[in-house]
Amino acid sequence: RDAMNEHLLLENVRGVLVRLEETIIFALIERAQFRRNGRVYVPGAFGPAVGGENLTGYLLQRTEIIHAGMRRYTSPDEMPFFHDLPEPLLPPLRFDESPLRPNAVNINPRIRLTYEAEMVPLLCPPGDDQQYGSTAVCDVACLQALSKRIHYGKFVAEGKYRRQESALAPLIAAGDGAALCHAITDPAVEAAVLERVERKARNYSREVAGEGGEDLPDRIREVYRRWVIPLTKDVETEYLLARRA
């Protein structure tokens, strides 16, 4: 089995999610060192060169164009924010052992809107420090890490379905998304995730956040509580409901 197929097997999902925590926490800490810089999120604020996009969207699209050439978005665990992307330059890989059913679940538009409108104001001090390029670079790192973690809910959902098929199959057949979301929710696991994220954020931010970052671990925990965990469950629910098709 090649390394990528190993990476996608269900028994490895928890380890992937734990490792992604570090990626997300560091990305959020990096973004929080700059002010909100609201101009970065205004479409067209930087002239015609960025088209109808804002600066973060402009950089994100160009980053995805390059990554698409490296076949990033042929992997089952990667979802693009943009769809007008080039074909890969590299020959395709086979993902024979991916446990996922074919699906089109991609909530990146929601992730991006939530990030720009809600996460950034929570994480970052108000104001404008004119560090627009650095802000956009941090935004791309945050958005890509958040997207990967949230869409990994598909693997989580597949694992839950295989363990609880008798309980979940009737809810899927009925199209009852609310009941399905309730059935796959494990409050103890969510509490453990929040505790672990806050602990890691406290350790990491102590080293790099400097003055004024004392409550940053609490804010990062809130990002997970308010958005990362709920959005992941939305992906899980949509993925499971797609089994009806």
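Whatever comes next refers back to the structure up there.
Described below are features of the structure shown in this document. (Residues numbered from 1 in each chain as written. Predicted model: local features only at pLDDT ≥ 70, side-chain atom pairs only at ≥ 80, totals over all residues. Heavy atoms only, no water.)

Our focus in this paragraph is the pattern of salt bridges. Side chains that differ in sign of charge can pair as their charged atoms come close. Following the criterion strictly, the structure yields 20 salt bridges and no others. The salt bridge involving Glu-21 is made with Lys-200; its shortest N-O contact spans 2.8 Å. Taken together, the residues span a long stretch of sequence, with Glu-21 in helix 2 (residues 13–32) and Lys-200 in helix 9 (residues 187–208) at a distance of 179 residues. Residue Glu-158 is joined to Arg-162 by a salt bridge in which the shortest nitrogen-to-oxygen separation is 3.1 Å. With Glu-158 and Arg-162 both in helix 6 (residues 153–163) and 4 residues apart, the pair spans about one turn of that helix. Looking at Glu-158, the relative accessible area reads 2%, which means it is buried. Connected through salt bridges with shared partners, the residues Glu-21, Glu-22, Arg-196 and Lys-200 form a single ionic network. (Salt bridge = Lys/Arg side-chain N within 4 Å of Asp/Glu carboxyl O. Helix = DSSP H or I, 4+ residues; strand = E, 2+ residues; numbered from the N terminus. Buried < 20%, exposed > 50% of the residue type's maximum accessible area, 1.4 Å probe, protein only.)

Let us now look at helix 10 (residues 216–241). The α-helix winds at 3.6 residues per turn, so residues separated by three or four positions along the chain end up facing the same way. The terminal C-alpha atoms of helix 10, which comprises 26 residues, lie 36 Å apart, in line with the 38 Å expected from a rise of 1.5 Å per residue. A maximum bend of about 35° is found in helix 10 at Tyr-224. Counting buried positions over the 26 residues of helix 10 gives 19, a clear majority of the element. (Expected span 1.5 Å × (residues − 1). Bend = angle between axes of the 7 residues up to and from the residue.)

With that out of the way, let us pick up unusual backbone geometry. Phi is positive for Arg-71, which is not a glycine, with a value near 60°. You can call Arg-71 partly exposed: its relative accessible area is 22%. Phi at Gln-130 takes a positive value of approximately 65°, unusual for a residue other than glycine.

Looking now at the nonpolar core. Core analysis: the largest hydrophobic core is formed by 46 residues, its most contacted members being Tyr-115, Leu-146, Ile-150, Ile-220, Val-223 and Tyr-224. Going through the elements one at a time, helix 2, helix 3 (55–69), helix 4 (108–123), helix 5 (132–151), helix 9 and helix 10 are the ones with two or more residues in this core. Among the elements that line this core, the one with the most residues is helix 10, at 9 residues. Val-223 has contacts with Leu-28, Met-119, Leu-122, Leu-123 and Val-228, leaving out every residue within four places of it along the chain. Listed in part, the 18 residues of the second largest apolar core include Leu-100, Tyr-152, Leu-180 and Ile-184. (Core = buried A, V, L, I, M, F, W, Y, C linked by side-chain atoms within 4.5 Å. Contact = heavy atoms within 4.5 Å.)

What follows deals with a nonpolar patch on the surface. Together, Met-70, Leu-89 and Leu-90 make up an exposed nonpolar region whose accessible area comes to about 310 Å². With relative accessibility at 35%, the residue Leu-90 sits in the partly exposed group. (Patch = residues over 30% accessible without salt bridge, like charges linked within 9 Å, V, L, I, M, F, W, Y side chains within 5 Å. Areas by Shrake-Rupley, 256 points an atom, 1.4 Å probe, with all protein chains shown as cover.)

Keep in mind these numbers describe shape, not what the thing actually does.
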